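Structural overview
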Amino acid sequence: MVRKTPHETLRDEEKVVRYLKLDIKNQAKVQQLSDLIFGKDYASIEVDADNEEVWIACLDEKPIGFCKYLFNQTNRYYNVKLTDQVYSVLDLVAVLPNYRGHGIATKLAKLVMKGEQENPVFAVAWEITGNAAVLGVFKALGFRFKDNLGHIWKQQCLNNEFQCPAKKDECICTAALYSTV
Ligand SMILES: CC(C)(COP(=O)(O)OP(=O)(O)OC[C@H]1O[C@@H](n2cnc3c(N)ncnc32)[C@H](O)[C@@H]1OP(=O)(O)O)[C@@H](O)C(=O)NCCC(=O)NCCS
């Protein structure tokens, strides 16, 4: 694993990223990670939530990335009707900036989707002014573009229901829908 932080050099190849299911010990740290990357109060990270699974990537016991997966879903997703079938969603995937570009998000997404057999899986790309970094991850997992969903987070963002890190005077984030079917 090659990486660089303010305190370390690129010569720390021996350090290995561990992938594990979220446990109670890491719950608060992963919540902080989610708040940092997606904005405070955007998502809740819980060990035992119904129909959810969270996997984390750790380096030296520190969570550096996570992926949240929703399964057995029947309701709308952010008020968008995705399908009439029972479905799953690759809901969130995030890696701390210093550790990006090493395949960590792809590995996390593969782990959460490993048990998926029958139901269609959807994923939503977070586009900030039209750009999304997650498309390589989706491609590696066989997702295909389905639709532009537009400003699905706008109302919650403007109501300050969460603190979007990209927020300007107006909502600049849009969503693009991908799916395995
Ligand atoms: C998207 C994100 C999770 C990717 O994490 P990562 O660990 O760097 O991803 P990977 O290393 O597994 O990269 C997978 C592929 O995407 C490509 N990729 C990663 N970041 C990219 C970027 N900013 N622009 C273009 N391509 C990118 C990689 O090159 C790789 O493709 P390859 O296999 O053909 O080389 C990370 O950038 C992030 O946390 N972003 C903020 C949160 C976010 O937008 N999450 C997605 C919405 S839920």
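Everything numeric in this text was worked out from a predicted model, so none of it was measured. (Residues numbered from 1 in each chain as written. Predicted model: local features only at pLDDT ≥ 70, side-chain atom pairs only at ≥ 80, totals over all residues.)

**So, the overall build of the chain**
Secondary structure summary: the chain contains 4 helices and 7 strands in total. The linear arrangement of helices and strands in the chain, starting from the amino end, is β-α-β-β-β-α-β-α-β-α-β. Here the chain has a C-alpha radius of gyration of 16 Å; the compact-globule value for 181 residues is 16 Å, and the two agree. Along the three orthogonal principal directions, the C-alpha set of the chain runs to about 50 × 45 × 30 Å. Out of the 181 residues belonging to the chain, those deemed buried represent 30%. Counting contacts in the chain only where the partners sit at least 6 residues apart, residues at least 24 apart contribute 65% of the total. (Helix = DSSP H or I, 4+ residues; strand = E, 2+ residues; numbered from the N terminus. Rg over C-alpha atoms; globule rule 2.2 N^0.38 Å. Buried ≥ 20, exposed ≤ 12 C-beta atoms within 10 Å, placed from the backbone. Contact = placed C-beta atoms within 7 Å.)

**Re the sheet that holds strand β6 (residues 144–150)**
If you walk across this open sheet you meet the 7 strands as β1-β2-β3-β4-β5-β7-β6, and the pairing is mixed. Edge positions in the sheet fall to β1 (18–21) and β6, since each of these pairs with one other strand and no more. Taking each pair of neighbouring strands and ignoring which way they run, the sheet shows an average axis angle of 25°. As defined by bridge partners, strand β3 (residues 62–73) adjoins strand β4 (residues 87–95) across 7 bridges and the pair is classed as antiparallel. Considered in β4, the bridge of cysteine 67 is made with valine 93. Contacts from helix α1 (residues 24–38) reach β2 (52–59), β3 and β4 within the one sheet, and its direction differs from that of β3 by about 90°. (Pairing = 2+ DSSP bridges. Axes fitted to C-alpha atoms, helices over the stretch in contact; angles between N-to-C directions.)

**So, the nonpolar core**
Judged by nonpolar contacts, the single largest core of 43 residues is most densely connected at Phe66, Cys67, Val93, Leu108 and Ala109. Going through the elements one at a time, α1, β2, β3, β4, α2 (104–113), β5 (121–128), α3 (135–140) and β7 (173–179) are the ones with two or more residues in this core. When near neighbours in sequence (up to four residues on either side) are disregarded, leucine 108 contacts Tyr19, Trp55, Ala57, Gly65, Phe66, Cys67 and Val93. (Core = buried A, V, L, I, M, F, W, Y, C linked by C-beta atoms within 7 Å.)

**Quick word on unusual backbone geometry**
A positive phi angle is found at asparagine 51, which is not glycine, with a value near 55°. If you trace the backbone, asparagine 51 turns up in the loop between α1 and β2. Its identity as a non-glycine residue notwithstanding, asparagine 72 has a phi of 55°, on the positive side. Positionally, asparagine 72 belongs in strand β3.

**Regarding the pairing of β5**
The buried count for β5 comes to 7 of 8 residues, which makes it a mostly enclosed element. As judged from the 3 bridges shared by β4 and β5, these two strands associate in the parallel manner. Within β5, the residue paired with leucine 90 across the bridge is alanine 123. In terms of strand pairing, β5 meets β7 through 7 bridges, oriented antiparallel. By the bridge assignment for β7, valine 124 is matched with leucine 177.

**Some words on the site of the ligand**
Neighbouring residues of the ligand: 18 residues in total, closest Arg100, Ala105, Thr106, Ala133 and Gly136. If you list the elements that add at least two residues to the shell around the ligand, you get β4, α2 and α3. Of all the elements, β4 adds the most residues to the shell around the ligand, at 4 residues. (Near = placed C-beta within 6 Å.)

**Some remarks on α2**
Within α2 the residues assigned to the buried category are Ile104, Ala105, Leu108, Ala109, Val112 and Met113. Viewed along the axis of α2, the buried residues span an arc of 155°, placing them on a single side of the element. Where α2 is buried, its residues contact β1, β2, β3, β4, β5 and α3. (Arc of directions from axis to C-beta.)

**Description of the pairing of β7**
Taken together, the 5 bridges between β6 and β7 define a ladder with antiparallel strand orientation. Considered in β7, the bridge of arginine 144 is made with serine 179.

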